[in-house]
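As a plain string of letters, each chain reads:
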Amino acid sequence: MECSDQIKALFIVVNAGYTDTIMDIVRAEGAGGATVINARGEGVNHESFLGITIDSEKEIILTLVDSGTAKRIMNGIKEKAGWKSPLHGVCFVMPVNKAIGINTAITDYEENKEAETK
């Protein structure tokens with residue numbers, strides 16, 4: 001896959017157990033799939049039980065999408081799973097310069113882009 005300003009890595013961080021809710025939003029907006037990473041949240045306020053610090057369990061949902069799909073997914077997260085919801089959803093986007101091993105709409109986007117330039 002060639003370099004493109006259109007491909008984005010979308011990271012969505014939510015409380016553990018809400019991946020299915022996020023994936024419903026991601027798929028509804030046109031993403032083909034995602035990778036889920038288990039994580040641990042750590043902030044200013046720590047909870048302690050019997051001298052053991054308890055940090056919140058998190059899940060990071062990572063997907064590669066075109067910029068338009070990324071915007072739609074972020075709007076869906078904001079509306080349905082934002083910071084003030086029980087999911088405590090936070091998402092951000094990073095540019096992707098090159099990617100291989102992707103067999104989704106992004107590949108189709110790149111092929112269409114190449115065909116248009118010829």
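Residues numbered from 1 in each chain as written. Predicted model: local features only at pLDDT ≥ 70, side-chain atom pairs only at ≥ 80, totals over all residues. Heavy atoms only, no water.

**Q** I'd like to hear about the overall build of the chain, residue by residue, with values.
**A** Helices and strands together make up the secondary structure of the chain, namely 3 helices and 6 strands. For the chain, the N- to C-terminal ordering of α and β elements is β-α-β-β-β-β-α-β-α. In the chain, which comprises 118 residues, the share counted as buried stands at 34%. Carbon together with sulfur atoms contributes 52% to the accessible area of the chain, which is approximately 7800 Å² in total. (Helix = DSSP H or I, 4+ residues; strand = E, 2+ residues; numbered from the N terminus. Buried < 20%, exposed > 50% of the residue type's maximum accessible area, 1.4 Å probe, protein only. Areas by Shrake-Rupley, 256 points an atom, 1.4 Å probe, with all protein chains shown as cover.)

**Q** Describe the sheet that holds strand 6 (residues 90-95), and please don't skip the residues or the numbers.
**A** The antiparallel open sheet is built from 4 strands, whose spatial order is 2-5-1-6. Where the open sheet ends on each side, the last strands, each with one partner, are strand 2 (35-40) and strand 6. Taking the axes of each pair of neighbouring strands and ignoring which way they run, one obtains an average angle of 25° across the sheet. When strand 1 (residues 7-15) meets strand 6, the two strands line up antiparallel, connected through 6 bridges. Following the sheet pairing, Val13 is matched in strand 6 by Val90. Its contacts with the sheet place helix 1 (residues 19-28) against strand 1, strand 2 and strand 5 (57-66), and it is angled at close to 15° to strand 5. Relative to strand 5, helix 2 (residues 67-80) is tilted by about 145°, and along the sheet it contacts strand 1, strand 5 and strand 6. (Pairing = 2+ DSSP bridges. Axes fitted to C-alpha atoms, helices over the stretch in contact; angles between N-to-C directions. Contact = heavy atoms within 4.5 Å.)

**Q** Could you give an account of the nonpolar core, with specific residues and numbers?
**A** Ile12, Ile22, Val26, Ile73 and Ile77 are the most contacted members of the largest nonpolar core, which totals 16 residues. Secondary structure elements with two or more residues in this core: strand 1, helix 1, strand 5 and helix 2. The element best represented in this core is helix 1, accounting for 4 residues. When sequence neighbours within four positions are dropped, the list of residues in contact with Ile22 reads Ile12, Val14, Ile61, Ile77, Ala81 and Leu87. Formed by 5 residues, the second largest nonpolar core is a distinct cluster that contains Ile7, Phe11, Val96 and Ala99. (Core = buried A, V, L, I, M, F, W, Y, C linked by side-chain atoms within 4.5 Å.)

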